[in-house]
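Descriptive analysis of the structure
As a plain string of letters, each chain reads:
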Amino acid sequence: MRTPIAIVGAGPAGLLLSHLLDLAGIESVIVETRSREYVEARIRAGILEQSTVDLLRAAGLADRLDREGDEHRGIYLQWPEERHHLDFVDLVGRSVTVYGQTEVTKDLGKARAAAGQQIHYEVSDTAVHDIETDKPYVTFAALDGTPQRLDADVVVGCDGSFGPCRTAIPDAAKQTWERTYPYSWLGVLADVAPSTDELIYAWHPDGFAMHSMRSATVSRLYLQVPNGTDIGMWSDERIWEALAARLGHGQDGWTLTPGPITDKSVLPMRSFVQQPMRHGRLFLAGDAAHIVPPTGAKGLNLAVADVALLAPALAALVRDKNSALADAYSDAALRRVWRCTHFSWWMTTMLHQSGDPFDRQLQLSQLRWLARSEAGRAGLAENYAGLPIGF
């Protein structure tokens, strides 16, 4: 097989990149280890920045998003006996939209299927080759075990943390930075209407808690737990009791309504950045190049920003033989990556218990400052609602 652009990974980054390339008249082929059903069912992020929503609309991908997405003006910051609303629209003129990554992936998959996009699902033994030449290629085994070779002008790794593309860049040609946090999130999905109109981020002596949502009838909630937590030790009753305590059930008349929990998972927290995001004819996007803790709601949005920069760069490279945007891609993408990495670290360390009493006082001081400083709130709002793509 031959294609101008070979994309490894059929998650949101790979699917959106193929769509944007198609709009520019550039063909691509995608290979994916998992099944389409698995990819579309993965529970991931649920908050879309304003710039992500704007891009999806401009690309003709927002029909269902506009019908079913829930636009939020801001968030609540809370600690015992206090809850403060930050209105992003008033502060910076931008909002966010609650719309699950699973739904974004379904919308993208439907659009690509309608366009006849060639996607090879459930492949194995994927590897990239000759990325330092102008004739890179991808090998893999099809679902029936048949060996395949996909020749391309460019290979793009949208294959996440554990795919082959990140590791294909030689150690001598890259730098990595990583931080593992000393806590995890226990996340649950519950078939119950949200008890809040907007997200609640709660600092509590027992640990962080968050009340999010997926729809008018499904709530998404999180608890800080130690690394290595056995989810079997957390019964539904224990989860709701901890959420009620940390989210302030009964505070100023507010109540948390429990309901049937349909999914539980423990999510480790880490930050990771690899640079450059391009080596020869291999480009990285999304989790293949960077990971952020979910506190700042940046993971999916960073992937969207990456491919928004990458699509025109690759179109110019393969169609016009103009490499200027491709040569600038890594530096341009990394400016946003490091800004979002810092914001995610800042939100995480401000709200989670480390066990250090000195840290605890610093956290409370910072939260009180945000509650009383318009400049502080505006800074949080600007970063949370999302900087313009290309910032």
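Residues numbered from 1 in each chain as written. Predicted model: local features only at pLDDT ≥ 70, side-chain atom pairs only at ≥ 80, totals over all residues. Heavy atoms only, no water.

So, on to the overall build of the protein. Scanning the protein for helices and strands turns up 12 helices and 19 strands. In terms of overall dimensions, the protein is globule-like: its C-alpha atoms have a radius of gyration of 21 Å, near the 21 Å expected for 391 residues. Referenced to the eigenvectors of the C-alpha coordinate spread, the extents of the protein come out at roughly 65 × 45 × 40 Å. Looking at the protein as a whole, 55% of its 391 residues qualify as buried. When contacts within the protein are restricted to residue pairs at least 6 apart in sequence, long-range pairs at least 24 apart make up 72% of them. Approximately 16,400 Å² of the protein is accessible, and the part contributed by carbon and sulfur atoms is 51%. Here the protein holds 37 positive side-chain charges and 48 negative ones, and the gap between their average locations is 2 Å. (Helix = DSSP H or I, 4+ residues; strand = E, 2+ residues; numbered from the N terminus. Rg over C-alpha atoms; globule rule 2.2 N^0.38 Å. Buried < 20%, exposed > 50% of the residue type's maximum accessible area, 1.4 Å probe, protein only. Contact = heavy atoms within 4.5 Å. Areas by Shrake-Rupley, 256 points an atom, 1.4 Å probe, with all protein chains shown as cover. Lys, Arg positive; Asp, Glu negative; His and termini not counted. Charge placed at Lys NZ, Arg CZ, Asp CG, Glu CD.)

Pairing is mixed in the open sheet, where eight strands are placed in the order 6-5-13-14-15-12-16-19. The open sheet has two edge strands with one neighbour each: strand 6 (82–87) and strand 19 (290–291). Where strand 12 (residues 175–190) meets strand 15 (residues 219–225), seven bridges bridge the pair, whose relative direction is antiparallel. Along strand 15, the bridge assignment pairs Leu189 with Arg220. On top of the sheet, helix 12 (residues 374–385) reaches strand 5 (74–79), strand 6 and strand 13 (200–202); it is set at about 125° to strand 5, its chief contact. (Pairing = 2+ DSSP bridges. Axes fitted to C-alpha atoms, helices over the stretch in contact; angles between N-to-C directions.)

This part covers helix 9 (residues 299–320). For helix 9, spanning 22 residues, the distance from its first C-alpha to its last is 32 Å, which sits close to the expected 32 Å at 1.5 Å a residue. The buried fraction of helix 9 is high, at 17 of 22 residues. Just past helix 9, the residue Lys321 takes up positive phi, approximately 55°. (Expected span 1.5 Å × (residues − 1).)

What follows covers the pattern of salt bridges. Enumeration according to the criterion identifies 18 salt bridges in this entry. Arg64 is the salt-bridge partner of Glu68, the closest N and O atoms lying 3.1 Å from each other. Of the two residues, Glu68 and Arg64 are both situated in helix 4 (residues 63–68); the distance of four residues between them amounts to about one turn of the helix. Two residues, Asp87 and Arg73, come together in a salt bridge whose shortest N-O distance is 2.9 Å. In this pair, Asp87 sits in strand 6 while Arg73 sits in the loop between strand 4 (70–72) and strand 5, placing the two residues 14 residues apart along the sequence. Of the residues examined, Asp87 reaches a relative accessible area of 15% and is grouped as buried. What makes Arg73 partly exposed here is its relative accessible area of 37%. One salt-bridge network, in which partners are shared between bridges, spans Arg64, Glu68, Glu103, Lys106 and Asp107. (Salt bridge = Lys/Arg side-chain N within 4 Å of Asp/Glu carboxyl O.)

So, about the packing of helix 10 (residues 324–351) against helix 11 (residues 357–372). Put simply, helix 10 and helix 11 touch, their axes get as near as 8 Å, and they point 115° apart. Relative to helix 11, the element helix 10 is oriented roughly perpendicular. Between helix 10, through Trp346, Thr349, Met350 and Leu351, and helix 11, the contact on the second element is made entirely by Gln363, Gln366, Leu367 and Leu370. Here the residues of the contact of helix 10 with helix 11 are counted per class, giving five nonpolar, three polar and no charged. (Parallel < 35°, antiparallel > 145°, perpendicular 65-115°, else oblique. Nonpolar A, V, L, I, M, F, W, Y, C, P; charged D, E, K, R; others polar.)

Where helix 10 contacts helix 12, the two axes come as close as 10 Å, and the packing angle between them is 120°. Overall, the two elements helix 10 and helix 12 adopt an arrangement that is oblique. Here helix 10 and helix 12 pass one another in a crossing that is left-handed. For the pair formed by helix 10 and helix 12, the contact residues are Arg339, Phe343, Trp346 and Met347 on the first element and Leu380, Asn383 and Tyr384 on the second. Its residues assigned to classes, the contact of helix 10 with helix 12 comprises five nonpolar, one polar and one charged. (Left-handed = near helix turned anticlockwise from the far one by under 90°.)

Core analysis: the largest hydrophobic core is formed by 67 residues, its most contacted members being Ile5, Leu16, Leu17, Val138, Val156 and Phe283. It is helix 9 that contributes the most residues to this core, 13 residues altogether. If near-sequence neighbours (up to four positions away) are discounted, Leu17 is found in contact with Ile7, Val156, Cys158, Val307, Leu310 and Ala311. One finds Leu86, Val98, Met350 and Ala371 within the second-largest nonpolar core, a separate group that totals 34 residues. (Core = buried A, V, L, I, M, F, W, Y, C linked by side-chain atoms within 4.5 Å.)

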